[in-house]
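Analysis of the macromolecular model
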Amino acid sequence: MGRKDSILVRQHLHCDSCYSRRCRAPVEPSASCALLPCRLLCGAVFHLCKEEEHLLLCPNVRVPCLNAQYGCPVQLPRSSRAAHLQVCPASVVCCSMEWNRWPSNIACSQPHTELLENLLRERERFGCLDLAMALQDQDALFHSIKMKKLFPELIQTAEEEAKEEQRLEEEMKKEKEKKKQAFMEKEAAERPVLSQAEREAIARASEVDAGLLENYNAWERMFSMEMGGCRESEGTAGAGRGQARGKGRGKSLGSLKEEEEATCDGAAASTSSACSSSLTGKPKKKSFVYGKLEPMKIITVRTFKIPTSFTARQGRIRNPGFYKRENKAVDTSDLGVAPGDMPVWEEVQASLLCSLERERRGHLIAESTSSDSLLMDEGTQTYSFLSAPFRRNTSLADLTAGKPLELHLQLQVESVTSRQNKASSAFTFLCGHTFQRTEYGKHFKNIHSDIQMCVNGWFEQRCPLAYMGCTYSQRRFRPSTYEATVNFNEELGCFGLHPSTPFSQPAGGGHAEGGEDRLSSLPYEVLCHMASFLDSQSLSQLALVSRLMRQVCSSLLQDRGMVTLRWERTSSSHGRAKWRVTHRVWQFSSLFSPVDAWSFRDVPSISEHLKVCPYNEVESKTEKIRLPLVREEIKPKKSCKGPTLVTLFQEKRIMM
């Protein structure tokens, strides 16, 4: 019997259909019960038998959040659940903003290699926003490109990878042994070597019992004898194995001998039969020996197929090539070029080209074209890399880890949405940061609309001679209410605001008498109140300062933080893959203090930089330049009519 049925059983006949707040029905055990108001003061009046049913709808009953299964621990009245969704820590929004970047060396644009090289050389000094964003996108792109998908023919097999790992382990062991041996030799060189007589003399001098010395010498002699016996037995065993290998190599299929089955009883029977044969004088029957074996010749029989029609197949009409086909394979050796002179591909450029080709039409190892049903040409694109073969899980970022940093994407960003048709030769990047529902609008306005899409030329202005290699740039905007500088945090992969207010260090260095900083010496309640004024990005960084600050920031997680589920892929007993939640992650978002309006910074104009720019070479012209001359020819008027526009143009001629 369910819960609903039990409720209906307890209700009375009158109460089942009574909804009046002023019911005056008499109280009868089998018909009706008394009226009473809600104990949670929601204003409802009902019969006593309907109290349990009313709790399922009462707006003042405390219930878990709608996102309780996603990690929200809040218990709140039922009437407040809708308003709580706006600030719920489990109501997380993932930013889906997309943008495009073109490769830096495409044919339709200038590569600007000098500018990129100078920027990479001085990136720690200037900290340009567009360069930091481009490097962040390039790192994400290189980690997403797997060599196994692009070049499966150059991937190591499991056996080769296991052999390489074994080889690396052996090399590490050899290095450890060499280090250990060198350390022992060093210790032995520093420590004086004593002879046996000197050791015995030292032992006697230290008043060691003579019987113990005799026992020690006896054990030493026994141990040396055992070592000699082990060496002798190892040599004998090695010689026996060598003879066995020599005998094994001499056997062949020409003298294959039939062996008898050997059992425990058969061993005794063979002994008795040998004795009886020697007594009777009858020779023992030899086991049967096969002659020389030859492989049997297999004859393929082609059965006759009864024709079903007088009409010949369309493929055999006027097609002599049907009966005779020739398969011819060629490779790079047919080109007549030495293997050392073959071009070697650069991993990054080849991977980016193949990735764009795969995105456009799918990268195939072999491209085949057929002119008719019989002739087919197959062409295979081969690649030669210095770092090949690759491991199975190798990404492009692993190959470029030990190389000098280079930028293979353009600094300019193109805005595009998923609903637009984007170019096939550009890479698409996704923001992917998570925020609370109330923070997403501020993030999109400040980060994507104000900074990211206006960083090239408007928010950050570069020198007009940047194409020649000048790295000068200036940031033109700041928040209108306070002085701060926009920077890019490479660890978090997001923008941030750095206040430029001058900070004066106290005389004591900011530390109290006990060695603790002055901020940590404040009461816990004061620290929590001060932390409530910080933005989410500052709270996430403050939590990394100390354990006390981590406790302070954790007290604000339910109000300012967000919770997400961490999923893990597991395999069931039947071999099927499934996903399960391992734990819940509480964290702060990367949103900085929202900026409602921006204002221009007090910085000099870019023309002031051009006066001292090293790439601005002023060229003074001293030679005379001939300018065009306009000469008017005055002709006598032949009529009384006035000049028209056509006649005026005909009278004026341009003379050089």
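The rules behind these values
- Residues numbered from 1 in each chain as written.
- Predicted model: local features only at pLDDT ≥ 70, side-chain atom pairs only at ≥ 80, totals over all residues.
- Heavy atoms only, no water.
- Buried < 20%, exposed > 50% of the residue type's maximum accessible area, 1.4 Å probe, protein only.
- Helix = DSSP H or I, 4+ residues; strand = E, 2+ residues; numbered from the N terminus.
- Arc of directions from axis to C-beta.
- Contact = heavy atoms within 4.5 Å.
- Salt bridge = Lys/Arg side-chain N within 4 Å of Asp/Glu carboxyl O.
- Pairing = 2+ DSSP bridges.
- Axes fitted to C-alpha atoms, helices over the stretch in contact; angles between N-to-C directions.
- Phe/Tyr/Trp six-rings, centres within 6.5 Å; stacked < 30°, edge-to-face > 60°.
- Lys NZ or Arg CZ within 6 Å of the ring centre and 35° of its normal.
- Core = buried A, V, L, I, M, F, W, Y, C linked by side-chain atoms within 4.5 Å.
- Patch = residues over 30% accessible without salt bridge, like charges linked within 9 Å, V, L, I, M, F, W, Y side chains within 5 Å.
- Areas by Shrake-Rupley, 256 points an atom, 1.4 Å probe, with all protein chains shown as cover.
- Lys, Arg positive; Asp, Glu negative; His and termini not counted.
- Charge placed at Lys NZ, Arg CZ, Asp CG, Glu CD.
- Polar contact = N/O pair within 3.5 Å; in protein donor to acceptor, adjacent residues only side chain to side chain.
- Parallel < 35°, antiparallel > 145°, perpendicular 65-115°, else oblique.
- Left-handed = near helix turned anticlockwise from the far one by under 90°.
- Nonpolar A, V, L, I, M, F, W, Y, C, P; charged D, E, K, R; others polar.
- pLDDT = per-residue confidence, 0-100.

Naming follows an unreviewed UniProt entry, where the protein appears as F-box protein 40 of Poecilia latipinna.

**Let's talk about helix H15 (residues 524–531)**
Within the sequence span of H15, burial applies to Leu 527, Cys 528 and Ala 531. Projection of H15 onto a plane perpendicular to its axis shows the buried side chains occupying an angular sector of 100 degrees, all on one side. In this fold, the buried residues of H15 make contact with helix H16 (536–542), helix H17 (547–554) and helix H18 (557–560).

**Some thoughts on the pattern of salt bridges**
When charged atoms on two side chains of opposite charge get close, those side chains can pair. Counted under the stated rule, the structure contains 11 salt bridges. In this structure, the salt-bridge partner of Asp 130 is Arg 462, at a minimum N-O distance of 3.0 Å. Of this pair, Asp 130 sits in helix H6 (residues 129–144) while Arg 462 sits in strand E12 (residues 460–462), placing them 332 residues apart in sequence.

**Points about the sheet that holds strand E6 (residues 98–101)**
Here we have 3 strands laid out as an open sheet, ordered E9-E6-E10, and antiparallel in their pairing. For this open sheet the edge positions go to strand E9 (414–415) and strand E10 (427–430), each flanked by a neighbour on one side alone. Against the sheet, H6 engages E6 and E10, with an angle of about 95 degrees to E6.

**Looking at the pairing of E10**
Only one face of E10 is buried, namely the one carrying Phe 427 and Phe 429, since none of Thr 428 and Leu 430 on the opposite face is buried. In this structure, E6 lies alongside E10, joined through 4 bridges in antiparallel fashion. Within E10, the position partnered with Asn 100 by the bridge is Thr 428.

**Re the packing of aromatic side chains**
Summed over all chains, the structure comprises 9 aromatic pairs. With centroids separated by 5.8 Å and ring planes inclined at 50 degrees, the aromatic side chains of Phe 385 and Phe 390 adopt a geometry described as tilted. Take Phe 390: its relative accessible area is 2%, and that puts it in the buried class. Put simply, the rings of Trp 458, Phe 459, Phe 477, Trp 598 and Phe 600 pair up and form one aromatic cluster. Taking the ring centre of Tyr 19 as reference, the NZ or CZ of Lys 50 above it sits at 4.4 Å.

**Details of the nonpolar core**
Note that soluble globular proteins tend to have their nonpolar side chains buried in a common cluster. Residues Leu 141, Phe 151, Val 486 and Phe 495 are the most contacted members of the largest nonpolar core, which totals 45 residues. Every residue in contact with Val 486, bar those within four places of it in the chain, is listed here: Leu 129, Ile 451, Phe 459, Arg 475, Phe 495, Gly 496, Leu 497 and Trp 598. Judged by nonpolar contacts, the second largest core, of 12 residues, contains Leu 527, Leu 539, Val 552 and Cys 553.

**Details of the side chain of His 609**
Positionally, His 609 belongs in helix H19 (residues 606–612). For His 609, the contacting residues outside a window of four places in its chain are Cys 463, Cys 470 and Tyr 472.

**Topic: the pairing of strand E18 (residues 577–587)**
By the bridge criterion, 10 bridges tie strand E17 (residues 562–571) to E18 in an arrangement that is antiparallel. Bridged to Thr 570 within E18 is Lys 578. Linking E17 back to E18 in an antiparallel pair, the connection comprises 5 residues, with Gly 575 at a positive phi of about 90 degrees.

**Considering a negative patch on the surface**
A cluster of acidic residues, Glu 114, Glu 117, Glu 346 and Glu 406, forms a negative patch on the protein surface. One can find Glu 346 in the loop between helix H11 (264–280) and helix H12 (347–360).

**Side note on a nonpolar patch on the surface**
A grouping of Leu 519, Leu 522, Val 526 and Met 530 is seen on the molecular surface, where their side chains present a nonpolar patch of about 290 Å² in accessible area. Positionally, Met 530 belongs in helix H15.

**A closer look at the environment of Tyr 472**
You can see Tyr 472 is positioned in the loop between E12 and strand E13 (473–475). Along the primary structure Tyr 472 and Cys 128 are separated by 344 residues, whereas in three dimensions their C-alpha atoms are 9.5 Å apart. Beyond its immediate chain neighbours, meaning those up to four positions away, Tyr 472 contacts Gln 461, Arg 462, Cys 463, Ile 606 and His 609. Within the structure, Tyr 472 has its side chain in polar contact with the side chain of Gln 474 (distance 3.2 Å).

**Quick look at the packing of H15 against H17**
Between two packed helices, both the angle of their axes relative to each other and the distance between the axes serve to describe the pair. Two elements in contact, H15 and H17, have axes separated by 9 Å at closest approach and are oriented at 60 degrees. One finds that H15 runs oblique with respect to H17. Relative to H17, the crossing made by H15 is right-handed. Contacts from Tyr 524, Leu 527, Cys 528 and Ala 531 in H15 reach Leu 548, Met 549, Gln 551 and Val 552 in H17. Considered class by class, the residues forming the contact of H15 with H17 number 7 nonpolar, 1 polar and no charged.

**As for the confidence of the model for the protein**
In this model, the protein carries a mean pLDDT of 75, and residues with pLDDT of at least 70 account for 62%. Element-level mean pLDDT values for the protein span from 45 in H11 up to 94 in strand E3 (residues 62–64). Across residues 1–9, confidence stays below pLDDT 50; counting only partners more than four residues off in sequence or on other chains, it has 5 contacts. Of the regions scoring below 50 in pLDDT, residues 301–318 engages in 3 contacts with residues more than four places distant in sequence or in other chains.

**Describing helix H4 (residues 113–121)**
All buried positions along H4 are accounted for by Leu 115, Leu 116, Asn 118, Leu 119 and Leu 120. Against helix H5 (123–126), H6 and E12 lie the buried residues of H4.

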